[in-house]
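Given next are the chains, with one letter for each unit.
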Amino acid sequence: MAETESRSASASPASATTAEATTTMHAVVQSVYGGPEVLEFAEVDRPIPGDDEALVRVVAASVGAGDWHLMRGTPFLIRLIYGGYRRPKFPTPGVDIAGRIEAVGADVTTFQPGDEVIADLSEHGFGGFAEYVRVPATALVSKPAKVSFEAAAASPTSAVAALQALRDAGRLQAGEHVLVNGASGGVGTFAVQIAKHLGAEVTGVCSTAKMELVRSIGADHVIDYTETDVTSAGTQYDLILDTAGSHSMRAYRHALTPTGRYVMVGGPTGRFLTALVLGPLLSMTGEQELGGFSLEVNSDDLASVAGLLESGDVTPVIDRRYELREVPEAISYLEDGRATGKVVITSEGPP
């Protein structure tokens, strides 16, 4: 997405001229890496969709760990992957959105204005923390009519990550016993529900205060990590899906069956990189398989998630809702590790 010129948002939208009202919008922008204080709520040029793109009016967006990593530019690998060695390449963050199509380019035939859609923008210039964003039509998935915009926006990255980690990296089969470490988090709450949908017996690991929530979304067993160390409790699992990285891979091997699989989805950067590099080497010493997981963004899996939302097999857990101008507070809340499930952003003004 082309970089836009930001303007002060202090003026009331009502004071703008008619021409400005049709060509500008509000968005969260940043020009340097840093903490939430570098994010500015500003008036910027409204994007114009290309021939193969749609202009989407963002009704809701959600915040994920990737948003604060990109905000801070850490780990440094983030800057190498997405560009922006010295400063952010893309001025407006935000990955997961749900909204209505405002306009379509000349070559778009699959969608039309008024259609309700979901998208993951991580490979398309970001820009979700704004009133409007332009998106390639191939990245859009229809939002089920009975699914709210907030629930839809909460799902793209976290639910697709959970689906791919369980189904593809973990090769989960019906009847197997899966442990979800970090079961109350953004990916974890989806992983518990998707694992149950795939026919697994599910054990969730979380803090004391969140045990009832994890039970309510379908976990067969819930372990309080403040009371029990799952790596030495004696129970073995066919698959461990780790979203927290609270133990080393070597420790987790004791909690795997002889042919079990360990998939690390999130957690401390050092441990995650170790899982990516060391996991395949440890896997060579026996029949257990260990490693890190990287999300593959694709609209087919997002459509599968939309189907799970529509059927009711998966219901997003939404912790808090913030307005667009409150994105810095929302990211701070998530970064502090206080969130249960997802944090959602609602765009200001009528959809």
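Rules used in this analysis
- Residues numbered from 1 in each chain as written.
- Predicted model: local features only at pLDDT ≥ 70, side-chain atom pairs only at ≥ 80, totals over all residues.
- Heavy atoms only, no water.
- Buried < 20%, exposed > 50% of the residue type's maximum accessible area, 1.4 Å probe, protein only.
- Helix = DSSP H or I, 4+ residues; strand = E, 2+ residues; numbered from the N terminus.
- Pairing = 2+ DSSP bridges.
- Right-handed = clockwise from strand over helix to strand, strands pointing away.
- Axes fitted to C-alpha atoms, helices over the stretch in contact; angles between N-to-C directions.
- Parallel < 35°, antiparallel > 145°, perpendicular 65-115°, else oblique.
- Left-handed = near helix turned anticlockwise from the far one by under 90°.
- Contact = heavy atoms within 4.5 Å.
- Nonpolar A, V, L, I, M, F, W, Y, C, P; charged D, E, K, R; others polar.
- Patch = residues over 30% accessible without salt bridge, like charges linked within 9 Å, V, L, I, M, F, W, Y side chains within 5 Å.
- Areas by Shrake-Rupley, 256 points an atom, 1.4 Å probe, with all protein chains shown as cover.
- Salt bridge = Lys/Arg side-chain N within 4 Å of Asp/Glu carboxyl O.
- Phe/Tyr/Trp six-rings, centres within 6.5 Å; stacked < 30°, edge-to-face > 60°.
- Lys NZ or Arg CZ within 6 Å of the ring centre and 35° of its normal.
- Lys, Arg positive; Asp, Glu negative; His and termini not counted.
- Polar contact = N/O pair within 3.5 Å; in protein donor to acceptor, adjacent residues only side chain to side chain.
- Core = buried A, V, L, I, M, F, W, Y, C linked by side-chain atoms within 4.5 Å.

> Sorry if this is basic, but what is going on with the pairing of strand β16 (residues 342–346) here?
Here is the key point about a regular strand: its side chains alternate between the two faces of the sheet. Of all five residues making up β16, four are buried, and the element is well covered by its neighbours. The pairing of strand β4 (residues 53–63) with β16 spans four bridges and is classified as antiparallel. By the bridge assignment for β16, Ala 61 is matched with Ile 345. One ladder, built from five bridges, connects strand β15 (residues 318–323) with β16; its direction is parallel. The partner of Tyr 322 across the bridge, within β16, is Ile 345. Regarding topology, helix α11 (residues 327–335) serves as the crossover connection from β15 to the parallel β16, and that connection is right-handed.

> How do you make sense of the packing of helix α5 (residues 156–169) against helix α6 (residues 186–197) when you look at a structure like this?
Helix-helix packing: each pair is described by the crossing angle between the helix axes and the interaxial distance. For the pair α5 and α6, interaxial distance at closest approach is 8 Å and the crossing angle is 50°. If you check the angle between α5 and α6, you find them oblique. Both α5 and α6 take part in a crossing whose hand is right-handed. Contacts between α5 and α6 involve Ser 158, Ala 159, Ala 161, Ala 162, Leu 163 and Leu 166 from the former and Gly 186, Val 187, Phe 190, Ala 191, Ile 194 and Ala 195 from the latter. Taken together, the residues of the contact of α5 with α6 sort by class into 10 nonpolar, two polar and no charged.

> When you look at a nonpolar patch on the surface in this model, what are you seeing that I'm missing?
Together, Phe 76, Leu 77, Leu 80, Ile 81 and Tyr 85 give the surface a local cluster of nonpolar side chains, amounting to about 540 Å² of exposed area. For Leu 80, the position within the fold is in helix α3 (residues 77–82).

> How should I be thinking about the packing of aromatic side chains in this particular structure?
To describe a pair of aromatic rings, you give the distance between the ring centres and the angle between the ring planes. Across all of its chains, the model carries three aromatic pairs by this definition. Ring geometry for Phe 76 and Tyr 85: centres 5.5 Å apart, planes at 85°, overall edge-to-face. When its relative accessible area of 39% is taken as the criterion, Phe 76 is described as partly exposed. The aromatic ring of Tyr 132 is capped on one face by Arg 57, whose charged end is 5.4 Å from the ring centroid. Above the face of the Tyr 333 ring, Arg 320 is positioned so that its terminal group lies 4.0 Å from the ring centre.

> Is there a simple way to think about the sheet that holds strand β10 (residues 201–206) in this case?
Paired through their backbone hydrogen bonds, the strands of a sheet run either parallel or antiparallel. Strand order in the open sheet made by the six strands is β11-β10-β9-β12-β13-β14, with parallel pairing throughout. Two strands in the sheet have a free side with no partner beyond their single neighbour: β11 (221–224) and β14 (289–292). Pairwise comparison of adjacent strand axes, ignoring direction, gives a mean angle of 15° for this sheet. In terms of strand pairing, strand β12 (residues 237–242) meets strand β13 (residues 256–264) through five bridges, oriented parallel.

> Hey, could you run me through the side chain of Glu 131 in this one?
Tracing the chain through its elements places Glu 131 in the loop between β6 (116–120) and β7 (132–136). Among buried Asp, Glu, Lys and Arg side chains, Glu 131 stands out as unpaired, with Arg 57 the closest opposite charge at 4.7 Å. A polar atom in the side chain of Glu 131 sits 2.7 Å from the backbone nitrogen of His 26.

> What's the story with the nonpolar core in this structure? I'm lost.
Among the nonpolar cores identified, the biggest contains 49 residues, and Leu 166, Val 178 and Ile 194 are the most heavily contacted of them. In terms of residues, this core owes the most to one element, α5, which gives seven residues. The contacts of Ile 194, once residues within four sequence positions are left out, are Ala 159, Ala 162, Leu 163, Leu 166, Leu 308 and Val 314. Within the second largest apolar cluster, 32 residues are counted, among which are Val 38, Val 63, Leu 140 and Val 343.

> In this structure, what is going on with the pattern of salt bridges? I would like to understand it.
Close approach of charged atoms allows side chains with opposite charge to pair. Tallying each qualifying case throughout the model produces 11 salt bridges. A salt bridge links Glu 116 to Lys 143, with the nearest nitrogen and oxygen atoms 3.1 Å apart. Taken as a pair, Glu 116 in strand β6 and Lys 143 in the loop between β8 (140–142) and α4 (149–153) lie far apart in primary sequence, 27 residues in all. For Lys 143, a relative accessible area of 7% corresponds to the buried category. Overlapping salt bridges, with partners in common, bring together Arg 100, Glu 116 and Lys 143 in one network.

> What exactly am I supposed to notice about the packing of helix α2 (residues 65–72) against α11 here?
For the pair α2 and α11, the least separation of the axes is 9 Å and the interaxial angle reads 110°. By the angle between their directions, the pair α2 and α11 is classed as roughly perpendicular. Taking contact as the criterion, the partners of Ala 65, Asp 67, Trp 68, Met 71 and Arg 72 in α2 are, on α11, Ile 331, Leu 334 and Glu 335. Residue composition of the contact of α2 with α11, by class: five nonpolar, no polar and three charged.

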